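Secondary and tertiary structure notes
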Amino acid sequence: MAEAVQSDKVLVITSSLTLRALLELVIEEQGVEAQFYEKAQEGLDFLKAHTPRAIVLDDGIEIDPFSIASRLKMSRRLREVPVVLFIGDSDDRTKLTAEFARVEHVLSKPVDRKAFSSILRNLPQQQPSV
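Residues numbered from 1 in each chain as written. Predicted model: local features only at pLDDT ≥ 70, side-chain atom pairs only at ≥ 80, totals over all residues. Heavy atoms only, no water.

**Topic: the nonpolar core**
Using the following cut-off: Nonpolar core, defined: a set of buried Ala, Val, Leu, Ile, Met, Phe, Trp, Tyr and Cys residues in which side-chain atoms within 4.5 Å join the residues together. Only protein chains enter the accessibility calculation, which uses a 1.4 Å probe. A residue is then buried if its area is under 20% of the maximum for its type, exposed if over 50%, and partly exposed in between. Note on conventions: DSSP H or I runs of at least 4 residues are helices, E runs of at least 2 residues are strands, and numbering of each starts at the N terminus. Whether two residues touch is decided by their heavy atoms; if any such pair falls within 4.5 Å, the residues are in contact.
Within the largest apolar cluster, 22 residues are counted, with the highest numbers of intra-cluster contacts made by Leu11, Leu47, Ile55, Leu57, Ile68, Leu72 and Val103. Those elements that place two or more of their residues in this core are β2 (10–13), α2 (40–49), β5 (54–58), α3 (65–74) and β6 (83–87). Contact partners of Leu72, with chain neighbours within four places excluded, come to Leu44, Leu47, Ile55, Leu78 and Arg79. Phe36, Val56, Leu107 and Ile119 belong to the second largest nonpolar core, which has 18 residues in total.

As structure tokens, this is what we get:
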């Protein structure tokens, strides 16, 4: 298999058209490019060939986003890629599960635009491939 390409894009996986529209707006405001997928498997296929700046998961997708995050963090290539998880119910159990899955940022829905913008502004820049 070919080596994955470093990407300056943010990968977003959400089946919600409303959330996608809002995230597109915030991401565009920050001058960041994004790759959107409605299905988790499509996003995982993208990750086979690309290493994004960040991965944004919605808890409304068909595969458990905590499982996805946990699997991604097992990959040497993807473990340093920040994961942002949007959740509808932000209780202590959910936060603990996110911590175990090594999710860097957990944001509640409805989206706090300022908080998400801050995360985007503080993303590390991609390192050039050597």
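**With respect to the environment of Leu11**
Examined against the element boundaries, Leu11 turns out to sit in strand β2. A C-alpha to C-alpha distance of 15 Å links Leu11 and Val103, two positions 92 residues apart in sequence. Excluding residues that lie within four positions of it along the chain, Leu11 makes contacts with Gln35, Tyr37, Gly43, Phe46, Leu47, Pro52, Ala54, Ile55 and Val56.

**With respect to α2**
Given 3.6 residues to a turn, an α-helix orients residues that are three or four positions apart in the same direction. Quick note on the threshold: As used here, the arc belongs to the directions running from the helix axis to the C-beta atoms.
What α2 keeps buried is the set Ala40, Gly43, Leu44, Phe46 and Leu47. Mapping the buried residues of α2 onto a view down its axis gives an arc of 155°, with all of them on the same face. Where the residues of α2 are buried, they touch β2, β3 (34–37), β4 (50–51), β5 and α3.

**A word on the side chain of Thr51**
We apply this condition: As used in this structure description, the phrase polar contact means that two N or O atoms lie within 3.5 Å; if the pair is within protein, one of them must be able to donate a hydrogen and the other to accept it, and residues adjacent in sequence are counted only when both atoms belong to side chains.
In this structure, Thr51 sits in strand β4. One polar contact links Thr51 to Arg77, side chain to side chain, over a distance of 2.8 Å.

**Some points on the UniProt feature "modified residue: 4-aspartylphosphate" (unreviewed entry) in the chain**
What counts here: UniProt positions are given in the numbering used here, feature names are shortened, and annotations may be inferred rather than shown by experiment.
Per the UniProt record, "modified residue: 4-aspartylphosphate" (unreviewed entry) is found at Asp58. Note on placement: Asp58 falls in strand β5. Relative accessible area serves as the criterion here: at 2%, Asp58 is assigned to the buried category. Those residues in contact with Asp58 that sit more than four places away from it in its chain are Ile13, Thr14, Ser15, Ser16, Leu19, Pro65, Leu85, Phe86 and Lys109.

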